[in-house]
Structure formats: structure tokens, C-alpha cells
Amino acid sequence: MKPSIGVLAFHGDVIEHKMALIQAAKNLKISIKVLDVRTRKDLKEIAALIIPGGESTTIQKLCEREGMLNTMRAVPAIFGTCAGAIMLAKSILHKTPDQKSLERIDIEVDRNAYGRQTESFEKRIQTSLGPVSAVFIRAPKITKVGKNVKILAQIDQQVLVCEEKVRNVYSLAACFHPELTTTLFHEYFLKKIAQYYFALPGGNGNGVPDGSTGFNARE
Amino acid sequence: MPSMKKGTFPIKSGLAQMLKGGVIMDVVNAEQAKIAQDAGAVAVMALERVPADIRADGGVARMSDPVKIKEIQEAVTIPVMAKCRIGHFVEAQVLEALEVDFIDESEVLTPADEQYHIDKTKFTVPFVCGARDLGEALRRLTEGAAMIRTKGEAGSGNIVEAVRHIRAVNDGISEMQILFTKKNTKALKQKAIEYRVPIDLVLQTAKLGRLPVVNFAAGGIATPADAALCMQLGVDGVFVGSGIFKSTDPKRRARAIVDSVAHFNDPKKIATASQNLGEAMKGQEIASLETKLAARGI
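Trainee: How should I be thinking about the interface of chain A and chain B in this particular structure?
Mentor: How large an interface is tends to be reported as the accessible area lost when its parts come together. Tallying the contact residues gives 39 residues for chain A and 42 residues for chain B. With both chains or domains summed, chain A and chain B bury close to 3400 Å², and 54% of this area falls on carbon and sulfur atoms. Linking chain A with chain B are five salt bridges. Between B:Asp101 and A:Arg138 there is a salt bridge whose closest N-O contact spans 3.1 Å. Within the residue set of the side of chain A that touches chain B, elements represented by two or more residues are helix H1 (14-28), helix H3 (56-65), strand E7 (121-127) and strand E8 (130-136) of chain A. For the side of chain A that touches chain B, the leading source of residues is H3(A), giving five residues. Tallied by class, the residues present in the side of chain A that touches chain B amount to ten nonpolar, 14 polar and 15 charged. The sheet contact formed by E7(A) and strand E1 (residues 5-6) of chain B spans two bridges and is antiparallel. The residue of E1(B) that forms the bridge with A:Phe121 is B:Lys6.

Following this line, the structure appears as C-alpha cells:
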């Protein structure tokens, strides 16, 4: 079975994520299918999703117009970078009045917390997966993390990458853009999907619904 | 944080990458900026007058009043871009001091220098520049632009020039790709001389089979179908200038263009987006225009 991984494709650095995913799968010697996701129907085809960098307000609006938010809340595994991390967060500071999120991971994020584009920066950072060159573009800051959230990277108390699994739903959030410089986090995400969802005997041994992707939408 | 680097090319072109698949809208005040953000724009371009009015009013068009730009920055959370005149590096310095997120060195404003564009490598803020063909696009990249857009014919409400420019860039790249596949280094070197750009940039473009930076369409987009046409022709996103706020129902039209770009390959969704939008901006035949803005700064 070839698991299908979707990339939310309305807007943002979609291609960069797709390339990083394909390379990560090659490095791990596993075979995956990478799909563009733009509708609720597309969501039903996938086992896991990446929400790319972009404008969180735009991404959220387009998802809402397609009636995708509830289905996205139930996708087994989601990896979000920058705007994608904002989409995953339980609460958002400095959000626009009608901005909603998926509330999948117990963190609070502050949008554009570093300032405007002239404050954007790149920096070599240490992570639990190894050193990476991190690109922060109008990046959010993770201002609070819940007690069950595992931290994968931080500098000076500032959490940069974290993950949480709540019941059968796994989320991985990064404030910067690993997709621009490394495949380490995409490999990690694929390993997590394998660990939680596909290494299970027969693909349906642990409460994972039957079906080719191991995932049925709630809606 | 120690050892952090700002204003590097990856940081500048990175913001453009995050805007891909999006719509950037011209706005002249906070109210319009909010309409743009609510519609789902990925950024706004802060202006004193939209191109159609610049065209109608005549006279010298300059950078906006900083008060206008600040008002718009206060009103929205999405990136705010602003235009400076071609070659007017002091206007660019002012815009950088105002912390705009992107500067458009634009032919829509009256050029300040007929020979030189701004040396954009000296700035921390990224620049977008217009181009009618591959040579212009590559020259702007050599000067440090982090994003390219077609010039189209701003304020005309007529898509024909934008289409011409998208095709010219695409054709230029195909030609280079063929030379590259044939390993015809001599002809590629000749191209570099013709375009007045380094051979490395020509080779990089030929190898990639596309511009090495994000490329948007601009100039004359007035309907959701116009925007999707540009997307299907291969651009990464669109700028809409006069097309929204010169129409009879800007709120609806803004949202419809965003939806149409998000689903540019889905004619049913474009059809739905195109319904009941009121009148589009009137638009003009290109031959009837007194000033062709696209001929500025080549």
C-alpha cells in the first residue's frame, strides 16, 4: 500500500513542500504518493497532510469556503510550517476578527511576532533531529505550550518546533520553513506516520478505520 | 539571537515564495485594505491612486504619502507592499524606513531615471519588478529583484498585454531550454550578451526551465477568468490593480478573484466565482491609450 500524503495547495510554498516530501521518501527508501489538496473530496484521499507557509488568514478562509475545516481536524497526521503552524494551534494572538484554526495542538502562537519582512532572518539552529539552517519569514512565535506537547527545537526558551498526539490525531508544528533548507523534518513526519498509522498489522489493527488510506472523514 | 542574517537573498525571495498562488491587491486606504484582506488577498499594494486614475489624471505619479502607507499597515496583518519610481532609490529608502514588506519598482509611476534601475542588492527589503520578456526579467534579477511580475498594461482593464508578456517570458525560457539540451553553449553565451546579463543566470534559468524567482501576472486583470487565464499560462500568482476597486462591487469581485486563483484549474469553480459580480471596470483598447506604461524601464 502506497500511503497518500497531501499538501494543501491553494497558496504558499506548496512546491517546496512537495519536493521536500519526495526527497524525504527517497532518503527513507519508502514509496508514497503526493497529492495536491484543494477540496473536501481531496482530503478523503489522503492519510496525512502538510499545511505550507503562506498567509494564515488566506489559507484559513479558503479552507472555510470549501467547508474543509472539520475534515482537517480529523486527518490522522498534519505537519504545518509557519502559517501551517498557526492553522494547527489551539489559540492565536493577533488574529483577524474571524480567524479560525484547527485547534489540534495545545500551543498558543503569536502571528508576525518578530515584526515585518525587514526583521525576517535565517539562522543555524540545533534541533533534536540535528543542526539545521532555519529560515524565518514574518514568522510566528509559539508563546505557550501545553504539558503534553513535546518540543523538538528551541532557542533561549523560545519553542520553534513541537509535536503532540491527542488520541489518534498527530500534529507537528514549525515556526520556520524547514522545507526551504532540509528534508529532516519531512523524514521525521513520514516516520511518525509509519509509527502511528501504517506499521499497524493489516493497517486496521488499532482502531484505525478500514480503507485504503486508513482514514475516513468524519463528515 | 546570535549569528542571525537578515536581508539575504533566500529571505527576500522566500517571502515571494510564500505569496505563491495568491492575489495581491492595489488599495488606496485602510477601508479598501480591509476589504482585500477579508476577501483573502495574500498582500496589499499601498497606493495613492490606482493605475486607472493615474492614467486619467496625468501628471507625475510618485511614491505614496507615508501617512497613507502607515494607515494601511495599521489596518491589516497581511504583508503591505508599496511602489517607488524606477531608479528612485531614495523613495525606496523611505519605503524601507517605513518597514513596508516589499517594494515594487514600478513603471506605473513616472520613472525617475531613464538609464538605471535601483541597485536592489543594497536593501534589506525585497523588490518586485515588472518585465515584458525574458531579457527584462533577467536584467531585473541581476539588479537584485527577488520577484518578477509581468508589466501588462496597468489601468487598462485589458488582459492582452499581460498575456503577451507571460508568453514572451515562457517562449524565451523554452528557447533557452532547447539550447541547453543541445549543449549549445555558444548560443547561450550569445543570449547572455543580448540580454546583458551574466551567463550563469542564463544557465540557471535554462536548467530550471523557469525564472529562478517567483513570477506573478499584473496589468489589466479585471475578472476571475482573467486571473485564472494567467495562472493556467503558468504564473505563480496575480496582482490586481484597478480591476477590483474600479468595479461596481469590489467586495464580491475581490473574493471571486481569490477563489478563481485558488481553483484556477477548475472551470466549474471559476464559473461559480464569476456569477453576479456587477460590472467589471470598463477597460480600454490598448491602441487607444495615450501612454503605454509597459515601455518604461526596459
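Next, the rest of the story.
Trainee: What is the right way to read unusual backbone geometry from this model?
Mentor: Trans is the prevailing form of peptide bonds, just as negative phi is the prevailing case for residues other than glycine. For A:Arg138, which is not glycine, the phi dihedral falls at a positive 40°. Checked against the element boundaries, A:Arg138 lands in the loop between E8 and strand E9 (141-145). For A:Arg138, a relative accessible area of 7% gives the class buried. Within the chain, B:Asn276 stands out as a residue other than glycine whose phi angle is a positive 50°. The topology assignment puts B:Asn276 in the segment after helix H13 (267-274).

Trainee: Sorry, what's going on with the pairing of strand E8 (residues 214-217) of chain B here?
Mentor: A regular strand carries its side chains on alternate faces of the sheet. All names here are of chain B. Side-chain alternation along E8 places Val 214 and Phe 216 on one buried face and Asn 215 and Ala 217 on a second face that is also buried. Sheet analysis places strand E7 (residues 147-150) next to E8, joined by three bridges and oriented parallel. Counted as the bridge partner of Arg 149 is Phe 216 from E8. The sheet contact formed by E8 and strand E9 (residues 237-240) spans two bridges and is parallel. Bridge pairing links Ala 217 to Val 238 in E9.

Trainee: Please clarify how the pattern of salt bridges should be interpreted in this entry.
Mentor: A side chain of one charge can pair with a side chain of the opposite charge if their charged atoms are brought near each other. According to the stated counting rule, one finds 31 salt bridges over all chains in the structure shown. Here A:Asp36 ties to A:Arg38 by a salt bridge, and the two come within 3.9 Å at their closest N and O atoms. If you follow the salt bridges from partner to partner, you end up with B:Lys83, B:Asp104, B:Glu107 and B:Arg149 in one network.

Trainee: Please clarify how the packing of aromatic side chains should be interpreted in this entry.
Mentor: Ring pairs (aromatic) are described by centroid distance and by the angle formed between their planes. All names here are of chain A. Scanning the model with the defined rule gives eleven aromatic pairs over all chains in all. Ring geometry for Tyr 170 and Tyr 196: centres 5.5 Å apart, planes at 55°, overall tilted. Placement of Tyr 170 in strand E12 (residues 169-174) and of Tyr 196 in helix H6 (residues 184-198) is noted, with a sequence separation of 26 residues between them. Classification of Tyr 170 by relative accessible area gives buried; the value is 1%. Residues Phe 176 and Phe 185 carry aromatic rings whose centres are separated by 6.1 Å and whose planes lie at 85° to one another, so their mutual orientation is edge-to-face.

Trainee: How do you make sense of the sheet that holds strand E3 (residues 43-46) of chain B when you look at a structure like this?
Mentor: Two pairing modes exist for strands in a sheet, parallel and antiparallel, and in both the strands are linked by backbone hydrogen bonds. All names here are of chain B. Reading around the circumference, E2-E3-E4-E5-E6-E7-E8-E9 is the order of the eight strands in this closed barrel, with parallel pairing throughout. Adjacent strand axes in the sheet meet at a mean angle of 30°, parallel and antiparallel pairs treated alike. With four bridges joining them, strand E6 (residues 127-131) and E7 adopt parallel strand pairing. Directly across from Val 128, in E7, lies its bridge partner Met 147. Helix H5 (residues 89-97) rests against strand E4 (80-85), strand E5 (102-106) and E6 of the sheet, and its axis sits at about 160° to E4.

Trainee: Would you mind showing me how to read the packing of helix H8 (residues 185-195) of chain B against helix H9 (residues 199-208) of chain B here?
Mentor: Describing two packed helices takes the angle between their axes plus the distance from one axis to the other. Residue and element names in this part refer to chain B. In contact at an axis separation of 9 Å, H8 and H9 are set at 115° when each is read in the N-to-C sense. H8 and H9 meet at a crossing whose hand is right-handed. Packed against H8, whose contacting residues are Leu 188, Lys 189 and Ala 192, the element H9 presents Ile 199, Val 202 and Leu 203 at the interface. Looking at the contact of H8 with H9 residue by residue, the classes come out as five nonpolar, no polar and one charged.

Rules used in this analysis
- Residues numbered from 1 in each chain as written.
- Chains lettered and ligands numbered in written order.
- Predicted model: local features only at pLDDT ≥ 70, side-chain atom pairs only at ≥ 80, totals over all residues.
- Heavy atoms only, no water.
- Contact = heavy atoms within 4.5 Å.
- Buried area = accessible area lost by both parts, 1.4 Å probe.
- Salt bridge = Lys/Arg side-chain N within 4 Å of Asp/Glu carboxyl O.
- Helix = DSSP H or I, 4+ residues; strand = E, 2+ residues; numbered from the N terminus.
- Nonpolar A, V, L, I, M, F, W, Y, C, P; charged D, E, K, R; others polar.
- Pairing = 2+ DSSP bridges.
- Buried < 20%, exposed > 50% of the residue type's maximum accessible area, 1.4 Å probe, protein only.
- Phe/Tyr/Trp six-rings, centres within 6.5 Å; stacked < 30°, edge-to-face > 60°.
- Axes fitted to C-alpha atoms, helices over the stretch in contact; angles between N-to-C directions.
- Left-handed = near helix turned anticlockwise from the far one by under 90°.

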